[in-house]
Amino acid sequence: MLKRTHHCGQLRLTDAGKSVVVTGWVQSYRDHGNLVFFDVRDREGLTQLVFDPETSPESHQLARTVRCEWVIAAAGTVRPRGEGLENPKLATGQIEVVVERFEILNMAKTPPFELDNASRTNEETRLMYRYLDLRRPEVQQRLRVRHRVTSLARRYFDEKGFWEIETPMLAKSTPEGARDFLVPSRLVRNTFYALPQSPQLFKQILMVGGVDKYFQIVRCFRDEDPRADRQAEFTQIDVEMSFVDVDDVIAIHSELVARIWKEVLGVEVALPIRRMSYAEAMADYGIDRPDVRFDMKLKDISDLARQTTFKVFTSCIENGGVVKGLCAPSGEFYSRSDIEKTLTTLVTDFGAKGLAWLKVKMEDGAPTFIGGIGKFFSDDLGRQLVQRFGAKDGDVLMLVADQESIANKALAPLRCRIARDLKLYDPKSFAFLWVVDFPLFEWNADEKRYDSLHHPFTAPVPEDLGKLETDPAHIRSQAYDIVVNGSEIGGGSIRIHRPEVQQKVFDLLNISRKQAEDRFGFFLKALDYGAPPHGGIAFGLDRLTMLLTGTENIRDVIAFPKTQRGQCLMTDAPSEVDSKQLDELNLRTQKHLHAVEPKPEN
RNA sequence: GGGGCCGUAGCUCAAUUGGUGAGAGCAUCGGACUGUCGAUCCGAAGGUUGUGGGUUCGAGCCCCAUCGGCCUCGCCA
């Protein structure tokens, strides 16, 4: 077999005259009967081969039989292309390889889709033939970025004294948070492992074990319905450190993020990265992961709305709700129907009852309102309203009246949608942010107890410790999320390292001693044996890569992704198993049960 | 569990209000051709319109069910 000397995509004018061997897949061939041209592709690019019957009649003859995607090796001489024959579209377009020896390493069936048109091909077909889609430069570019991030992270953490340590994939089910994937045990009948939702407890126990600094690039599993930006199995860059506080964790990971952006995109991230409190994020953006590439802050106008004659507003406030909204510098962009159909649908999808709007018209410095609900505002209230938003002529005020949580939930995506429509930011830019001072708990009205906002091992800020007894709702936690362009790419916290505080938190979460013992007993026991103060963070590698590659589809950054039903179209997983396998596991499916004991008719 | 969009040749799409024989580009196959690079030119082949019912003289088009893909609410950090 001819041994490769150069990658396709590597050769330049300066290589002219060299004898080289390139290998790869035939991207296209152009057969002129006499001269034959190939574009050969490998991971690094394309090279044009020329087959001339006068140079090598055997190679030329063989080349004429070749088809797209066949695997070939060609030995020849690098030659500058003639005047006017260069191809500026190719990095190697200044040269070509005149083939002297040629081997067909493998033939290939005609692909089910054309690789150069694959971006327009049905994703279903591409997933079924993932190995063909993977040959495309765009797809490989994303995998390359992902690799750069992981390899950089490994170098970075090694430099900083972290150890990469693996934690079990077959772990204990702790039915908190997301649904677990279960794995039946053969040796211990009727018991199950769970695939880890994250290595949370293991990494904390590593700290108790004196490891001091840990990281892992680790697969995590959560059996919940997928979305464009999440699927059931995903990868975290998982980190834990001992004897640190919030500032330490933020500093070391700000630097990591800055290095990633610098190395992958050449983008300088200004350090320190800005911090924003959870309270500020919710008030101004309605969400704990605000996109701060643009301003257009939300404003609470409950105090003004209360004084209007608009019953929707006044009764909402009487019922403990708020009126909150934003000012869209719309000009003529949104028609009445855009607002009342498209944008209203958007907010109602998130639970709001409607979208109130009014368009500002300034006459001699005094505002009047066109359309919508302007008539419910007196002149004085109107002036205050315009002042509150800093609205200008042509702006449209959009308001949601509801419970604060619903208003926020509806307004946050509305704000992003409007900013995108009105092009209020450069889509290529990045805005980084640490969100801090999260509440430790949120009240769960259905269950009449508190829920952890982060997770039950998050430490309160020390000065709020006293409120564990008196005012749990207002305890701040030592948690932090890093947000880029409205996307949370990582989050973590300083952990509770004192058993009595941990117990207190379980009490507030309404987790009984018995439940705590059953689920986390091993962990609580570890805390009893001298746990150092510690904290950590986990980054979502998939989302990180999505941001760096500018895609909105998580399947684009995963080599072998799954569909919305969690299936792999290439391997056809999940699939049924032999009854023998089930027997060994002491399992029987309901399907089999029904086969044995059919339900009576009707 | 709910809502929305989609499914026609290998791929991407077309097909008037339900009306003759479901078309085109690319890919494929055969032929021609000395500089192409989305090669070009000539020719050929390629279809259970996702599947199953129904309405109708007649269904790619209308109705019902079902399968699959994507987006989304719930769910999920």
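Residues numbered from 1 in each chain as written. Chains lettered and ligands numbered in written order. Predicted model: local features only at pLDDT ≥ 70, side-chain atom pairs only at ≥ 80, totals over all residues. Heavy atoms only, no water.

1. Structural notes on the sheet that holds strand β12 (residues 299–300)
Point 1. Taken in spatial order, the five strands line up as β12-β13-β16-β14-β15 in an open sheet, and their pairing is antiparallel. The two strands at the open ends of the sheet, each matched to only one other strand, are β12 and β15 (366–370).
Point 2. Both strand β14 (residues 356–363) and strand β16 (residues 396–402) contribute to a ladder of four bridges, which runs antiparallel. The partner of Ala356 across the bridge, within β16, is Leu399.
Point 3. Packing against the sheet, helix α12 (residues 404–421) makes contact with β13 (322–328) and β16, and its axis sits at approximately 5° to β13. (Pairing = 2+ DSSP bridges. Helix = DSSP H or I, 4+ residues; strand = E, 2+ residues; numbered from the N terminus. Contact = heavy atoms within 4.5 Å. Axes fitted to C-alpha atoms, helices over the stretch in contact; angles between N-to-C directions.)

2. Let's talk about the packing of helix α4 (residues 137–159) against helix α16 (residues 541–549)
Point 1. It is at 10 Å that the axes of α4 and α16 come closest, and there the two elements cross at 125°. It follows that α4 is oblique to α16 by the angle criterion. The way α4 lies across α16 gives a crossing that is right-handed. Taking contact as the criterion, the partners of Arg142, Val145, Arg146, Val149 and Thr150 in α4 are, on α16, Leu541, Asp542, Leu544, Thr545, Leu548 and Thr549.
Point 2. Of the residues that constitute the contact of α4 with α16, the class distribution is five nonpolar, three polar and three charged. (Parallel < 35°, antiparallel > 145°, perpendicular 65-115°, else oblique. Left-handed = near helix turned anticlockwise from the far one by under 90°. Nonpolar A, V, L, I, M, F, W, Y, C, P; charged D, E, K, R; others polar.)

3. A short note on the sheet that holds strand β1 (residues 19–31)
Point 1. Within the closed barrel, the five strands sit side by side as β1-β2-β3-β5-β4. Their pairing is mixed. Each strand axis lies, on average, 55° off the axis of its neighbour in the sheet, ignoring direction.
Point 2. Here strand β3 (residues 45–51) runs beside strand β5 (residues 95–106); their pairing, made up of two bridges, is parallel. Residue pairing for β5: Val50 is matched across the bridge by Val98.

4. Brief notes about the pattern of salt bridges
Point 1. In the structure shown here, the tally under the stated rule is 44 salt bridges.
Point 2. The salt bridge partner of Lys18 is Asp15, with a shortest N-O separation of 2.7 Å.
Point 3. Across the pair Arg449 and Asp451 runs a salt bridge, and its minimum N-O distance is 2.3 Å.
Point 4. Sharing partners across several salt bridges, the network here consists of Arg126, Arg130, Asp133, Arg136 and Glu138. (Salt bridge = Lys/Arg side-chain N within 4 Å of Asp/Glu carboxyl O.)

5. Things to note about the packing of aromatic side chains
Point 1. Counted according to the given criterion, the structure contains 24 aromatic pairs.
Point 2. Aromatic side chains Tyr129 and Tyr131 sit 6.2 Å apart centroid to centroid with 80° between the ring planes, which places their arrangement in the edge-to-face category.
Point 3. Classification of Tyr129 by relative accessible area gives partly exposed; the value is 29%.
Point 4. Ring centres of Phe310 and Phe376 lie 4.4 Å apart, and the angle between their planes is 20°; on these two criteria the pair is classed as stacked. Of this pair, Phe310 sits in the loop between α8 (302–305) and α9 (311–318) while Phe376 is found in the loop between β15 and α11 (379–389), placing the two residues 66 residues apart along the sequence. (Phe/Tyr/Trp six-rings, centres within 6.5 Å; stacked < 30°, edge-to-face > 60°. Buried < 20%, exposed > 50% of the residue type's maximum accessible area, 1.4 Å probe, protein only.)

6. Digging into the pairing of strand β2 (residues 36–42)
Taken residue by residue, a regular strand's side chains alternate between the two faces of the sheet.
Point 1. Counting buried positions along β2 yields seven of seven residues, so the element is predominantly enclosed.
Point 2. Residues Val36, Phe38, Val40 and Asp42 line one face of β2 and the alternating positions Phe37, Asp39 and Arg41 line the opposite face, and both faces are buried.
Point 3. Note that β1 and β2 share six bridges and pair antiparallel. When the bridges of β2 are listed, Arg30 appears paired with Phe37.
Point 4. The hairpin turn running from β1 into β2, its antiparallel successor, is four residues long, and Gly33 in that turn takes a positive phi close to 85°.
Point 5. Relative to β3, β2 is paired through seven bridges, and the arrangement is antiparallel.

7. As for helix α6 (residues 246–265)
Point 1. With 20 residues, α6 should cover 28 Å at 1.5 Å per step; its first-to-last C-alpha distance of 28 Å lies within 8% of that length.
Point 2. Listed as buried for α6 are Val246, Val249, Ile250, Ile252, His253, Ser254, Leu256, Val257, Ala258, Ile260, Trp261 and Val264.
Point 3. Taking the backbone nitrogen of Asp247 as reference, a side-chain oxygen 3.2 Å away marks Asp245 as the first, capping residue of α6.
Point 4. Directly beyond the C-terminal end of α6, a positive phi value near 70° is found at Gly266. (Expected span 1.5 Å × (residues − 1). Polar contact = N/O pair within 3.5 Å; in protein donor to acceptor, adjacent residues only side chain to side chain.)

8. Topic: the protein's contact with RNA strand B
Point 1. Surveying the vicinity of RNA strand B reveals 50 residues, the closest of which are Arg79, Leu85, Pro112, Glu114 and Leu453.
Point 2. Among the atoms of RNA strand B close to the protein, meaning within 4 Å, 57% are from sugar or phosphate groups.
Point 3. In the model, a sugar or linking oxygen of RNA strand B is placed 2.2 Å from a nitrogen or oxygen of the Pro112 main chain.
Point 4. At 2.7 Å, a side-chain N or O of Arg230 approaches a base nitrogen of RNA strand B.
Point 5. When residues of the surface near RNA strand B are traced back to their parent elements, those giving at least two are β1, β2 and α2 (123–128).
Point 6. For the surface near RNA strand B, the element with the highest residue contribution is β1, accounting for four residues.
Point 7. A per-class count over the surface near RNA strand B returns ten nonpolar, 15 polar and 25 charged. (Near = heavy atom within 4 Å.)

9. A closer look at the pairing of strand β22 (residues 534–540)
Point 1. Of all seven residues making up β22, six are buried, and the element is well covered by its neighbours.
Point 2. Strand direction decides the pairing type here: strand β21 (residues 487–494) and β22, joined by five bridges, are antiparallel. From the neighbouring strand, Gly491 faces β22, where its bridge partner is Ala538.

10. Quick notes on helix α10 (residues 336–349)
Point 1. Taking 1.5 Å of rise per residue, 14 residues should cover 20 Å, and α10 covers 19 Å from first to last C-alpha, within 8% of that figure.
Point 2. Leu343 marks the point of greatest bend in α10, at about 30°.
Point 3. In the core, the buried residues of α10 are packed alongside β14, β16 and α12.
Point 4. Taken from the residues just after α10, Gly351 is the one with a positive phi, measuring 100°. (Bend = angle between axes of the 7 residues up to and from the residue.)

11. Considerations on the packing of helix α5 (residues 200–208) against helix α15 (residues 513–527)
Point 1. Relative orientation of the contacting elements α5 and α15 amounts to 20°, with a least axis distance of 10 Å. By the angle class used here, α5 and α15 are roughly parallel. Between α5 and α15 lies a crossing whose hand is left-handed. Residue-level inspection shows Leu201, Gln204, Ile205 and Val208 of α5 in contact with α15, the latter providing Phe520, Phe522, Phe523 and Ala526.
Point 2. Looking at the contact of α5 with α15 residue by residue, the class counts come to seven nonpolar, one polar and no charged.

12. So, a nonpolar patch on the surface
Point 1. A cluster of nonpolar side chains, contributed by Met169, Leu170 and Tyr193, occupies part of the molecular surface with about 250 Å² of accessible area.
Point 2. Mapped onto the elements of the fold, Met169 is located in the loop between β6 (163–164) and β7 (182–184). (Patch = residues over 30% accessible without salt bridge, like charges linked within 9 Å, V, L, I, M, F, W, Y side chains within 5 Å. Areas by Shrake-Rupley, 256 points an atom, 1.4 Å probe, with all protein chains shown as cover.)

13. Describing the environment of Tyr285
Point 1. Mapped onto the elements of the fold, Tyr285 is located in helix α7 (residues 278–285).
Point 2. Spatially, the C-alpha atom of Tyr285 lies 8.5 Å from that of Met296, the residues being eleven residues apart in sequence.
Point 3. Leaving out residues up to four positions away in the same chain, Tyr285 has contacts with Arg274, Met276, Glu280, Pro290, Val292, Asp295, Lys297, Leu298, Ala412 and Arg415.

14. What to know about the confidence of the model for chain A
In low-pLDDT regions, the fine details of the predicted coordinates are not to be read closely.
Point 1. Of all residues in chain A, 98% attain a pLDDT of 70 or more, and the chain-wide mean is 93.
Point 2. Counted against residues more than four places away or in other chains, residues 594–602, with its pLDDT under 50, gives one contact.
Point 3. For this predicted complex, the interface confidence comes out at an ipTM of 0.92, alongside a pTM of 0.93. (pLDDT = per-residue confidence, 0-100.)

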